[in-house]
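Summary of structural features
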Amino acid sequence: MAAIVPKEDGVISVSEDRTVRVWLKRDSGQYWPSIYHAMPSPCSCMSFNPETRRLSIGLDNGTISEFILSEDYNKMTLVKSYQAHQSRVMMVLFVLEMEWLLSTGQDKHFTWHCSESGQRLGGYRTSAGACGLQFDVETRHVFVGDHSGQVTILKLEQESCSLVTTFKGHTGGVTALCWDPIQRVLFSGSSDHSIIMWDIGGRKGTAIELQGHNDKVQSLSYAHHTRQLISCGADGGIVVWNMDVERQETPEWLDSDSCQKCDQPFFWNFKQMWDSKKIGLRQHHCRKCGKAVCGKCSSKRSSIPLMGFEFEVRVCDSCHESITDEERAPTATFHDSKHNIVHVHFDATRGWLLTSGTDKVIKLWDMTPVVS
């Protein structure tokens, strides 16, 4: 994991090689480490608060170590360590307003500590190891996404927490979460290659799917000033989504024993096959209307960007005829990072995007022409 240092030409990175490095841009134009610090265990995650220069690092052994960086970013001083988990720390988040340190672990636990006293305030057992963690300061709600594919919402008090609800929409594990506190929208990325936008503020229970990756979504970031979502995946793709458009929910898939267009029986409908003397067909679904259709009645493909389908998907023939060229206009731009991205960090003030990959490379991108 890595992060851009605000107001500095610098980057902080933590790695499984047990090192913490702070990279500053030199007069030569190259980035060189101003800090190279070895940890007792492989680093798994980090959280940096630029106001206090507090760096919280999650480790493979379940410990979270907290450091303060000097003003010139040439020195880091250990403040305290938390025995937060029994195994690898998956996500860590420091909340300055509450003086809380939130974390999730492979031990299927969410915990939070007081960063002033170091005392453990409470915990909650999740259904699986959690990779996504976000917090809303205004309502004290925490969002935890786990490997089972669900998002758990908890209400935190000073020393207790209560379950509010769970969101279930992914067919794969949740790999990343992103929270927009202004629009009150939660984005969840998954190993099922999809992103779901959960409209919490609208209070209508709307969940919008976004399909723009060919492999698992690894990290998400949101540009509040332009209402653009940035998603990165194992396919090396960086997708910038325009969320300032009126999007539509994808319809639920309808159940039927026969094609809802031509009435041909599906292969499990033995009675109708026998009565009509017809061979049963395989069932498909139109992504636009949700009807159960046979292959012959859904021979066309189309992108439906306002429903989140930036790639061409199966639609029934009648829906294909109804989709206009305007409705096919893309609502996202696609960029190739040329590495398997595991984490992304966006600096909105400069329009810089940082990506770190499994190839052990950190890349800085100028996204100003795209996110503006």
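Values in this document were obtained by computation on a predicted structure and should not be read as measured data.

1. Structural notes on the overall build of the protein chain
Along the backbone of the protein chain there are two helices and 31 strands. For the protein chain, the spread of C-alpha atoms along the three principal axes comes to 80 × 50 × 35 Å. In the protein chain, which comprises 372 residues, the share counted as buried stands at 51%. Of the contacts formed within the protein chain by residues at least 6 apart in sequence, a portion of 42% connects residues at least 24 apart. Of the roughly 17500 Å² of accessible surface on the protein chain, 48% is carried by carbon and sulfur atoms. The distance from the centre of the 39 positive side-chain charges to the centre of the 44 negative ones in the protein chain is 5 Å.

2. Overview of the pattern of salt bridges
Considering all chains together, one arrives at 13 salt bridges under this definition. Among the salt bridges present, the one from Lys338 reaches Asp336, with a minimum N-O distance of 3.5 Å. Residue classification places Lys338 among the exposed residues on the basis of a relative accessible area of 67%. Looking at Asp336, the relative accessible area reads 48%, which means it is partly exposed. Put simply, Asp347 and Arg350 hold a salt bridge, and the shortest N to O gap is 2.9 Å. Overall, Arg350 belongs to the partly exposed group, its relative accessible area being 22%. Overlapping salt bridges bring together Arg54, Glu66, Lys80 and Glu99 as one network.

3. Notes on the packing of aromatic side chains
Counted by the stated rule, this structure contains eight aromatic pairs. Judged by centre distance (4.7 Å) and plane angle (15°), the ring pair of Phe167 and Trp198 falls under stacked. A residue pair is termed long-range when its members are at least 10 positions apart, and Phe167 in strand 16 (residues 161-168) and Trp198 in strand 19 (residues 194-199) qualify at 31 residues. Look at Phe167 and you get buried, because its relative accessible area is 17%. Here Arg350 stacks its cationic end above the ring of Trp352, 4.2 Å away from the centre of that ring.

4. Focus on the UniProt feature "repeat: WD" (unreviewed entry) in the protein chain
In the numbering used here, UniProt assigns the feature "repeat: WD" (unreviewed entry) to residues 167-200, 210-251 and 334-367. Taken end to end, residues 210-251 is 0% helix and 50% strand, and its first and last C-alpha atoms sit 13 Å apart. Between the first and last C-alpha atoms of residues 334-367 the distance is 12 Å; the span itself is 0% helix and 62% strand.

5. Re the side chain of Asp347
Tracing the chain through its elements places Asp347 in strand 29 (residues 341-347). A distance of 2.9 Å separates polar atoms of two side chains, one belonging to Asp347 and the other to Arg350. When neighbours within four sequence positions are excluded, Asp347 is seen to be in contact with Ile4, Pro6 and Trp352.

6. Details of the sheet that holds strand 13 (residues 130-136)
With antiparallel pairing, four strands are arranged side by side in an open sheet as 13-14-15-16. Across the chains shown, the open sheet's two edge strands, defined by having one partner strand only, are strand 13 and strand 16. Between one strand axis and the next, the sheet turns by 20° as a mean value, whatever way the strands run. Of the pairings in the sheet, the one linking strand 14 (residues 141-146) to strand 15 (residues 150-156) comprises five bridges and is antiparallel in character. Note on strand 15: the bridge partner recorded for Gly145 is Val151.

Cut-offs applied
Residues numbered from 1 in each chain as written. Predicted model: local features only at pLDDT ≥ 70, side-chain atom pairs only at ≥ 80, totals over all residues. Heavy atoms only, no water. Helix = DSSP H or I, 4+ residues; strand = E, 2+ residues; numbered from the N terminus. Buried < 20%, exposed > 50% of the residue type's maximum accessible area, 1.4 Å probe, protein only. Contact = heavy atoms within 4.5 Å. Areas by Shrake-Rupley, 256 points an atom, 1.4 Å probe, with all protein chains shown as cover. Lys, Arg positive; Asp, Glu negative; His and termini not counted. Charge placed at Lys NZ, Arg CZ, Asp CG, Glu CD. Salt bridge = Lys/Arg side-chain N within 4 Å of Asp/Glu carboxyl O. Phe/Tyr/Trp six-rings, centres within 6.5 Å; stacked < 30°, edge-to-face > 60°. Lys NZ or Arg CZ within 6 Å of the ring centre and 35° of its normal. UniProt positions renumbered as here; feature names shortened; annotations may be inferred. Polar contact = N/O pair within 3.5 Å; in protein donor to acceptor, adjacent residues only side chain to side chain. Pairing = 2+ DSSP bridges. Axes fitted to C-alpha atoms, helices over the stretch in contact; angles between N-to-C directions.

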